[in-house]
Amino acid sequence: MPDPSGDLLPLARLAADAAAEFLLTQRPVSLTVATKSSPTDVVTQMDRAAESLIRQIISEQRPDDSIWGEEAGEGTGASEVRWIVDPLDGTVNYLYGLPLWSVSIAAEVRGAVAVGVVSAPALSLRYEAVRGHGATCVDRTTMISRPMRVSSIADLSQALIATGFGYRSEQREQQARIVATLLPQVRDIRRLGSAALDLCLVADGRVDAYYESGLHAWDVAAGALIATEAGAIVRGGTTDPATDALTLASAPGIAASLSAVVVAAGEGGA
Ligand code: LIP
């Protein structure tokens, strides 16, 4: 059966760049904010409009594919391709005018993620991967692309670790206890606010590892492929519906030691 991945990457780029450009240049002075799972789990009209734009671009070229997006849910399709879309990952950062947010688009072929694109327009960067063909970072200003590789770190005490927190108070209390356990054992912690971007920063060696529990498939599908293709050990990051499961992406040299600490401390419901 032919592998359509070669056709999917250009379309993923087109959709991600269009949504990124829209979000960056059409942001209104005042955003209309609604809430979802908690009073701090926000969604704006820009999240929804960006997803509509992505759906329109994909469906025009590949009308038989299904699309599963954070805001409009999962549709049906007759083809073997399912698109998994987070139109605006890091909504709180976007709301506050901070630059760390991204557009995340993955294409699954026969149940396995084959293509992943994460666009971070405020950083002028696009991260991308095709399964089995490595991971690339594209500077959207110069259009120069370069291969990405995870860091070579082997000592957890020297590691810069990214993480994130859920929107429910009881979940955040547990996650705070885990960070308190981990913090004395590592170089430092970063909470950047976009899971898709965190995974790409692991791929690029800008942080040594990232872990978070309670993420959704749309947060991680593209970034997990990009991190894997850059040599990371990735635990979780599946396209299963959200659970309290742990997503962990790490440079190989600290994957076992980091996993042992966060799981023993109770992250990921384990
Ligand atoms: C966000 C994730 C982030 C997590 C936030 C939130 P959203 O996704 O990317 O890693 O810590 O709580 O879930 O809500 O901006 O799409």
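Our subject is the structure listed above.
What counts and what doesn't
Residues numbered from 1 in each chain as written. Predicted model: local features only at pLDDT ≥ 70, side-chain atom pairs only at ≥ 80, totals over all residues. Heavy atoms only, no water. Helix = DSSP H or I, 4+ residues; strand = E, 2+ residues; numbered from the N terminus. Buried < 20%, exposed > 50% of the residue type's maximum accessible area, 1.4 Å probe, protein only. Areas by Shrake-Rupley, 256 points an atom, 1.4 Å probe, with all protein chains shown as cover. Lys, Arg positive; Asp, Glu negative; His and termini not counted. Charge placed at Lys NZ, Arg CZ, Asp CG, Glu CD. Salt bridge = Lys/Arg side-chain N within 4 Å of Asp/Glu carboxyl O. Pairing = 2+ DSSP bridges. Expected span 1.5 Å × (residues − 1). Contact = heavy atoms within 4.5 Å.

Visitor: How should the overall build of the protein be read in this particular structure?
Guide: The helix and strand inventory of the protein stands at 7 helices and 15 strands. Projected onto the principal axes, the alpha-carbon positions of the protein cover approximately 50 × 40 × 35 Å. For the protein, the residues scored as buried account for 52% of the 270 residues in total. Surface exposure of the protein reaches about 11300 Å², of which carbon and sulfur atoms provide 53%. Considering the protein, the positive charge centre built from 21 side chains and the negative charge centre built from 32 side chains are found 3 Å apart.

Visitor: Teacher, can you tell me more about the pattern of salt bridges here?
Guide: Pairing of side chains with opposite charge becomes possible as their charged atoms draw close. The final tally for this structure, using the stated rule, is 13 salt bridges. A salt bridge links Arg-55 to Glu-51; its shortest N-O distance comes to 3.0 Å. Highlighted residues: Arg-55 and Glu-51, both in helix H2 (residues 45–61), separated by 4 residues, approximately one helical turn. For the pair Arg-55 and Glu-51, a shared accessibility class is recorded, and that class is buried. Here Glu-128 ties to Arg-126 by a salt bridge, and the two come within 2.8 Å at their closest N and O atoms. In this structure, Glu-128 and Arg-126 share a single accessibility class: buried. Bridged by salt links that share partners, the residues Arg-13, Asp-17, Arg-126, Glu-128 and Arg-140 form one connected network.

Visitor: Looking at this structure, I do not really get the pairing of strand S5 (residues 81–89). What am I missing?
Guide: On any regular strand, side chains alternate: one points to one face of the sheet, the next to the other face. Counting buried positions along S5 yields 9 of 9 residues, so the element is predominantly enclosed. The pairing of strand S3 (residues 66–69) with S5 spans 4 bridges and is parallel. Within S5, the residue paired with Trp-68 across the bridge is Ile-84. Strand direction decides the pairing type here: S5 and strand S6 (residues 102–109), joined by 7 bridges, are antiparallel. Paired with Asp-86 across the strands is Ser-104, a residue of S6.

Visitor: Even after reading the chapter, I still don't get helix H7 (residues 252–264), so can you show me in this structure?
Guide: Note: α-helices contain 3.6 residues per turn, so residues at a spacing of three or four share the same orientation. Over its 13 residues, H7 extends 19 Å from the first C-alpha to the last, a length consistent with the 18 Å expected when each residue adds 1.5 Å. Ile-254, Ala-255, Leu-258, Ser-259, Val-261 and Val-262 are the residues of H7 that are buried. Looking at the buried side of H7, the elements it contacts are strand S11 (160–163), helix H4 (169–182), strand S13 (209–213), strand S14 (233–235) and strand S15 (246–250). Immediately downstream of H7, the backbone of Gly-266 shows phi near 105 degrees, a positive value.

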